[in-house]
Amino acid sequence: MLRSAMPVPRLAPTVRSAPSAAARDLIELEHRYGAHNYHPLDVVLTRGQGCWVWDVDGNKYLDCLAAYSAVNQGHNHPRLVRVLVEQAHKLALTSRAFHNDQLGPFLKEVSDLTGFSRVLPMNTGAEAVETALKACRKWGYKVKGVADGQAEIIVFEGNFAGRTISIVSFSDEPQYRDGFGPFTPGFKVIPYGDVEALRAAITPNTVAVLMEPVQGEGGIIIPPAGTMRRIREICDDHEILLIFDEIQSGLGRTGCMFAFHHEDARPDGMTLGKALSGGMYPVSAFVADDELMEVFRPGDHGSTFGGNPLGAAVGREAIRVLLDEGLVENAARMGARFGQHLRELRDPAVKEIRQVGLWIGVELHAEVGGARRYCEALMARGVLCKETHTHTIRIAPPLVITADEVDWAVEQIHAVFDELG
Ligand SMILES: *Cc1c(COP(=O)(O)O)cnc(C)c1O
């Protein structure tokens, strides 16, 4: 189905009142029975389509978070829903003890899309990153010749790669670590994109550099042009693997299929997740060339659900939707439009607007007192955003967004800055 054929709600500001008693009850259930590891906005969603979501009280919102870029293809894309349902009727899970008829084609299609010869499927982003770390360490010992137990991996300040103990071991966000030690050793953290610091941090035991081409959770932090290329060269000079974590930056978000395409700085391996399933099902992958992926032998690594036919079928269709609907090009076009109109906002509360493709961080001055009340005011006008790192409003709508929807969203943002100014 063409995007333009999907019904789009009438674009009018919805000034939403407080959640109903029914919505409050649902929030209370989460609060009463859930672990308190999140602090969501007071909105209870029940339905989605394209860029839009509806709450239990019938209010509609333009989703400008897109589940942290997992729903690049839009909510409930009809093609993804169809494949999910059809495959669920046929076969959902085999484990990797047996072959299934979706996995091989999925691996080939991810390989064709990424240009890497081998693909290792997992489920969540964190698992894909763990897989990459394991591959790099093992390559260090088996191929580079690093002494057992000595491998070092260099990462960057402000990184986000998931929540496992090994991954938070190299986070520099105190809250992600507090109370979770002892931590996994073997990581060095240097300032983001700092090539001189990288040169200084390298030792004979360095096996890999793990980098987000753009830091999403970090607040849409974009390194200076040429950084990826220079890091690629340094890694080549020292026989070090370069791994890009493209779980959020990949699959169109930045206006290129992968963020590394902006600089033609091909890594040795890459992690994918989030939009790899269009948000329909958890599907992630680590991709690499033969020399790196060959370190894995049967029994070395695995996952009960990784590569299951349901996820593989949905992943195949999610890739086809990105390509068939020209979503990468649309991200570039709509991103340019969004950014241009947003920059007309010359509000004194705004410290900086950072943007690549359809990924925008509006950082507010610290004196403004945080971005959350802006996100709450936007929600009241029908735009869902979530603050990141207290002071930054992150804008990352599904890549199916249209020009009218972009203009409407920017109008709401301007109105909120006027209200709160
Ligand atoms: C979201 C994200 C992850 C972790 O993915 P999960 O599916 O939440 O485990 C890893 N790296 C980056 C860059 C991400 O944005």
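Residues numbered from 1 in each chain as written. Predicted model: local features only at pLDDT ≥ 70, side-chain atom pairs only at ≥ 80, totals over all residues. Heavy atoms only, no water.

Participant: Can you break down the pattern of salt bridges residue by residue, with the values?
Facilitator: Taken as a whole, this structure holds 25 salt bridges when the rule is applied. Asp 268 serves as the salt-bridge partner of Arg 232, at 2.9 Å between the closest nitrogen and oxygen. With Arg 232 in helix α9 (residues 227-237) and Asp 268 in the loop between β8 (241-245) and β9 (269-272), the pair connects residues that are 36 residues apart, well separated along the chain. Taking the relative accessible area as the measure of exposure, Arg 232 reaches 12% and is therefore buried. Here Arg 354 and Glu 352 are joined by a salt bridge, their closest N and O atoms 2.6 Å apart. Salt bridges linked by common partners bring Arg 79, Arg 82, Glu 86, Glu 109, Arg 316, Glu 317, Arg 320 and Asp 324 together as one network. (Salt bridge = Lys/Arg side-chain N within 4 Å of Asp/Glu carboxyl O. Helix = DSSP H or I, 4+ residues; strand = E, 2+ residues; numbered from the N terminus. Buried < 20%, exposed > 50% of the residue type's maximum accessible area, 1.4 Å probe, protein only.)

Participant: Tell me about the environment of Leu 378, and please be specific about residues and values.
Facilitator: In this fold, Leu 378 is placed in helix α13 (residues 372-380). Residue classification places Leu 378 among the buried positions, given a relative accessible area of 2%. Sequence-wise, Leu 378 and Asn 330 are 48 residues apart; in three dimensions their C-alpha atoms are separated by 24 Å.

Participant: How would you explain the site of the ligand if you had to name every residue and give the values?
Facilitator: Looking at the ligand, the residues that line it are Thr 124, Gly 125, Ala 126, Phe 160, Ala 161, Gly 162, Glu 212, Asp 245, Ile 247, Gln 248 and Lys 274. Within the backbone of Gly 125, an N or O atom sits 2.8 Å from an oxygen atom of the ligand. In this structure, Asp 245 approaches the ligand through a side-chain N or O atom, which is 2.6 Å from a nitrogen atom. Considered on its own, the ligand offers 380 Å² of accessible surface; in the complex 81% of this is hidden by protein. For the shell around the ligand, the per-class residue count stands at 4 nonpolar, 4 polar and 3 charged. (Near = heavy atom within 4 Å. Polar contact = N/O pair within 3.5 Å; in protein donor to acceptor, adjacent residues only side chain to side chain. Areas by Shrake-Rupley, 256 points an atom, 1.4 Å probe, with all protein chains shown as cover. Nonpolar A, V, L, I, M, F, W, Y, C, P; charged D, E, K, R; others polar.)

Participant: I'd like a description of the confidence of the model for the protein chain, backed by residues and values.
Facilitator: Per-residue confidence for the protein chain gives a mean pLDDT of 95, with 96% of residues at or over 70. Per-element confidence in the protein chain is highest for strand β10 (residues 284-288), whose mean pLDDT is 99, and lowest for strand β14 (residues 386-388), whose mean pLDDT is 91. Scored below 50 in pLDDT, residues 1-8 makes 14 contacts in the model with residues more than four places away or belonging to other chains. (pLDDT = per-residue confidence, 0-100. Contact = heavy atoms within 4.5 Å.)

Participant: Give me the lowdown on a nonpolar patch on the surface, citing residues and values where you can.
Facilitator: A cluster of nonpolar residues, Leu 26, Leu 29, Tyr 33 and Val 56, forms a patch on the protein surface that exposes about 400 Å² of accessible area. For Tyr 33, the location among the structural elements is in helix α1 (residues 21-33). (Patch = residues over 30% accessible without salt bridge, like charges linked within 9 Å, V, L, I, M, F, W, Y side chains within 5 Å.)

Participant: Describe the environment of Cys 256, and please don't skip the residues or the numbers.
Facilitator: Locating Cys 256 in the fold gives a position in the loop between β8 and β9. A relative accessible area of 19% places Cys 256 in the buried class. Each C-alpha atom of the pair Cys 256 and Glu 329 lies 7.5 Å from the other, and the pair is 73 residues apart in sequence. Not counting residues within four places of it along the chain, the set of residues in contact with Cys 256 comprises His 261, His 262 and Val 328.

Participant: Hey, could you go over the domain arrangement of the protein chain for me, with residue numbers and the actual values?
Facilitator: In terms of domain boundaries, the protein chain breaks down into domain 1 (21-73 + 327-420) and domain 2 (78-324). Considering only the side of domain 1, the residues that lose the most area to domain 2 are Gln 73, Val 328 and Trp 359, jointly responsible for 33% of the buried surface there. Run the count over domain 1 and domain 2 and you get 1 salt bridge. Along the contact surface separating domain 1 from domain 2 lie 16 residue pairs in polar contact (both at pLDDT 80 or more). (Domains from an automatic or database assignment. Buried area = accessible area lost by both parts, 1.4 Å probe.)

Participant: I'd like a description of the sheet that holds strand β13 (residues 383-384), backed by residues and values.
Facilitator: Taken in spatial order, the 4 strands of this open sheet run β1-β2-β3-β13, and their pairing is mixed. Either end of the sheet is taken by a strand with one partner, and the two such strands are β1 (45-49) and β13. Here strand β3 (residues 60-63) pairs with β13 via 2 bridges, running parallel. Paired with Leu 62 across the strands is Val 383, a residue of β13. (Pairing = 2+ DSSP bridges.)

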